[in-house]
Amino acid sequence: MNEKILIVEDDLNTLEGLAEILEHENFQVVKAKNGRIATEEARKGNINVVLMDYLLPDTDGLELSRIFLEQNPDIKIVMMTAFGSVKNAVESMKLGIYDYLTKPIDLDELLIVIKRAIKEQQLIYENIDLKDKIQETYRFDNIIGVSGKMQEIFKKVLKVANTDATVLLRGESGTGKELIARAIHFQSSRKGKSLIEINCASIPETLLESELFGHEKGAFTGAYKSKKGKFELAHKGSLFLDEIGELPLGVQAKLLRVLQDRTFTRVGGIENIEVDVRLIAATNKNLEQAMEKRLFREDLYYRLNVIPIFIPNLRERPEDIGPLTDFFIQKYAQKNSKQINGITQEGMELLLEYHWPGNIRELENTIENAIVMTDTDKIELSDLPGYLQSQIATEVKDRPYFPQFFSDQDKTNYKDQILLCEREIIRRALQESKGNKTHAARRLGFSLRTLRNKVQRLKIQSTKE
Ligand SMILES: Nc1ncnc2c1ncn2[C@@H]1O[C@H](COP(=O)(O)OP(=O)(O)OP(=O)(O)O)[C@@H](O)[C@H]1O
Ligand SMILES: [Mg+2]
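If you walk across this open sheet you meet the 5 strands as S2-S1-S3-S4-S5, and the pairing is parallel. Each edge of the sheet is formed by a strand with only one pairing partner; in this case those strands are strand S2 (28–32) and strand S5 (99–102). Each strand axis lies, on average, 20 degrees off the axis of its neighbour in the sheet, ignoring direction. With 4 bridges joining them, strand S4 (residues 76–81) and S5 adopt parallel strand pairing. Looking at the pairing, valine 78 lines up with aspartate 99 of S5. Along the sheet face, helix H1 (residues 12–24) touches strand S1 (4–8), S2, strand S3 (49–53) and S4 and points at about 170 degrees away from the line of S2.

Have a look at this one:
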């Protein structure tokens, strides 16, 4: 057992005596003879249980408990009182103090109470762990990307996840920046701690500073209570600053200071607060242009741009359209309790030809909508929104073989183009063979094993073996 117990007691004999007993029980013990030292020790963190005298020279136990519980609601506080008055007990319980013991302390009772407190605390932590597991949607396997470009991004995410370096995610709207930000956190050693997200665009400038850095009671009208900001809440975890390009200049200055010194003060506060936070920022804005217009600070830009990750548009990686479509069909068929076996040939061709200005979000919405609308067990052309077709109708009709898979920007990425064509040919072969892999493999000139490998690697959905 290595739980940490903080003993707060001004009577030095009692303090030493209790410390010895608890150390003998293999607890890590921290001693404090007054409220000030106790507060300093508590701020260092990792305290499981506080054993506290009710009467202290510089403060009282209730006041101190209030502060500790505000900092860490899971901390277990055991109060020691010479009076044992009922009033104290009721007040303590209301405040969230775990238990209280009357002096002189019965040592057996003390150990029982402490061990019970730790047990309860562990249950709470285990529960948090469980919740983490439920957040599986943010893990890697739910981010689809067979294209070379996405594979590169996955590699980069794995590399940077376990560092504390600031990551700046760039990319058009709907390309998956938020998803990647979460993947970075959940792949990192900070995954057991919080990932706090804040969207800089959706909060009015007047509130943004207090949202990020917290405020003290009375800092401004309406600040009835002091409040922790996102930076404090993200302590030991990660903070995701979404739409960082929208950050007002005033807040940019304060953010810069945190990045430089790792400390800040709450709005209306004087105390320097230190935090250990991993920062992930995202924007779809052209920050370089914003810098030229003096809307974004250059020094902040360099602090944020430690590890830039550019997420390509969907039209630059058309080979992901098929796997994403299959993924979303499965997801929304399940959500709507429908039995849907993919999409027709014409439907898929349309999806591959469209240029997806809204990127993956637009594709996802299109599929969700089609799943809801369709009356058959396959998504058909008529289930897809009309504007997809009218967009494409304006483009040239005469095309060489498979031209629609080649993106405009990247005709030289032959490897990706081969992958894309390969996937499409295999998909067609499987479809024509009605999912019979042996049959399809023969037509493709592959061994069955090769076909299976390719189906898996290229994430091709096939219903039958
Ligand atoms: N590679 C992917 N695999 C599966 N789903 C994805 C992928 N990329 C994005 N999505 C989905 O597309 C939608 C948009 O993604 P996300 O919110 O991460 O985009 P964004 O880049 O943050 O967009 P914005 O700039 O508009 O905030 C989400 O529902 C997300 O789950
Ligand atoms: Mg986003």
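Looking at the chain, the pLDDT average stands at 85 and 88% of residues meet or exceed 70. pLDDT under 50 marks residues 133–139. Its contacts with residues more than four places away, or in other chains, come to 6 contacts.

In this section: the packing of helix H14 (residues 345–353) against helix H17 (residues 414–432). Put simply, H14 and H17 touch, their axes get as near as 12 Å, and they point 165 degrees apart. Regarding the angle of H14 to H17, the classification is roughly antiparallel. Two packed elements cross with a definite hand, and for H14 against H17 that hand is right-handed. Between H14 and H17, the contacting residues are Gln345, Met348, Glu349 and Leu352 on the first element and Glu424, Arg427, Arg428 and Gln431 on the second. Considered class by class, the residues forming the contact of H14 with H17 number 2 nonpolar, 2 polar and 4 charged.

Let us now look at the site of ligand 1. In the vicinity of ligand 1, 18 residues are found, and the nearest of them are Ile144, Ser173, Gly174, Lys177 and Glu364. Note that a nitrogen atom of ligand 1 is positioned 2.8 Å from one of the backbone N or O atoms of isoleucine 144. Contacts to ligand 1 include threonine 175, whose backbone N or O atom sits 3.4 Å from an oxygen atom. Protein chains bury 87% of the 630 Å² of accessible surface belonging to ligand 1 in isolation. Its residues assigned to classes, the shell around ligand 1 comprises 7 nonpolar, 6 polar and 5 charged. Viewed by domain, the shell around ligand 1 spans two of them, domain 2 (139–312) and domain 3 (315–457), each represented by three or more residues.

Below, the discussion takes up helix H6 (residues 148–161). Taking 1.5 Å as the rise per residue, H6 with 14 residues should run 20 Å; its terminal C-alpha atoms sit 20 Å apart, in good agreement. Those residues of H6 not exposed but buried are Lys149, Met150, Ile153, Phe154, Val157, Val160 and Ala161. One face of H6 carries all of its buried residues, which in axial projection span an arc of 140 degrees. Among the exposed residues of H6, those oriented more than 90 degrees off its buried face are Lys155 and Lys159. The secondary structure elements touched by the buried residues of H6 are strand S6 (167–170), helix H7 (177–187), strand S11 (278–283), strand S12 (307–310) and H17.

With that settled, the discussion passes to the sheet that holds strand S7 (residues 195–199). With parallel pairing, the 5 strands of this open sheet are ordered in space as S7-S8-S11-S6-S12. Two strands in the sheet have a free side with no partner beyond their single neighbour: S7 and S12. Across this sheet, the average inter-strand angle for adjacent strands is 20 degrees, counted without regard to direction. Of the strand pairs in this sheet, S7 and strand S8 (residues 238–242) are connected by 5 bridges, and their pairing is parallel.

Two elements in contact, H6 and H7, have axes whose closest approach is 8 Å; the angle formed by their N-to-C orientations is 40 degrees. In this view, H6 runs oblique relative to H7, as classed from their interaxial angle. For H6 against H7, the interelement crossing comes out right-handed. Here H6 contributes Ile153, Val157, Leu158 and Ala161 to the contact with H7, which in turn contributes Ile180, Ala183, Ile184 and Gln187. Of the residues belonging to the contact of H6 with H7, the class tally is 7 nonpolar, 1 polar and no charged.

Let us look at the side chain of aspartate 99. Secondary-structure assignment places aspartate 99 in strand S5. For aspartate 99, a relative accessible area of 16% puts it in the buried group. Among the polar contacts listed, one links the side chain of aspartate 99 to the side chain of arginine 116, at a separation of 3.2 Å.

Rules and cut-offs
- Residues numbered from 1 in each chain as written.
- Chains lettered and ligands numbered in written order.
- Predicted model: local features only at pLDDT ≥ 70, side-chain atom pairs only at ≥ 80, totals over all residues.
- Heavy atoms only, no water.
- Pairing = 2+ DSSP bridges.
- Helix = DSSP H or I, 4+ residues; strand = E, 2+ residues; numbered from the N terminus.
- Axes fitted to C-alpha atoms, helices over the stretch in contact; angles between N-to-C directions.
- Contact = heavy atoms within 4.5 Å.
- pLDDT = per-residue confidence, 0-100.
- Parallel < 35°, antiparallel > 145°, perpendicular 65-115°, else oblique.
- Left-handed = near helix turned anticlockwise from the far one by under 90°.
- Nonpolar A, V, L, I, M, F, W, Y, C, P; charged D, E, K, R; others polar.
- Near = heavy atom within 4 Å.
- Polar contact = N/O pair within 3.5 Å; in protein donor to acceptor, adjacent residues only side chain to side chain.
- Areas by Shrake-Rupley, 256 points an atom, 1.4 Å probe, with all protein chains shown as cover.
- Domains from an automatic or database assignment.
- Expected span 1.5 Å × (residues − 1).
- Buried < 20%, exposed > 50% of the residue type's maximum accessible area, 1.4 Å probe, protein only.
- Arc of directions from axis to C-beta.

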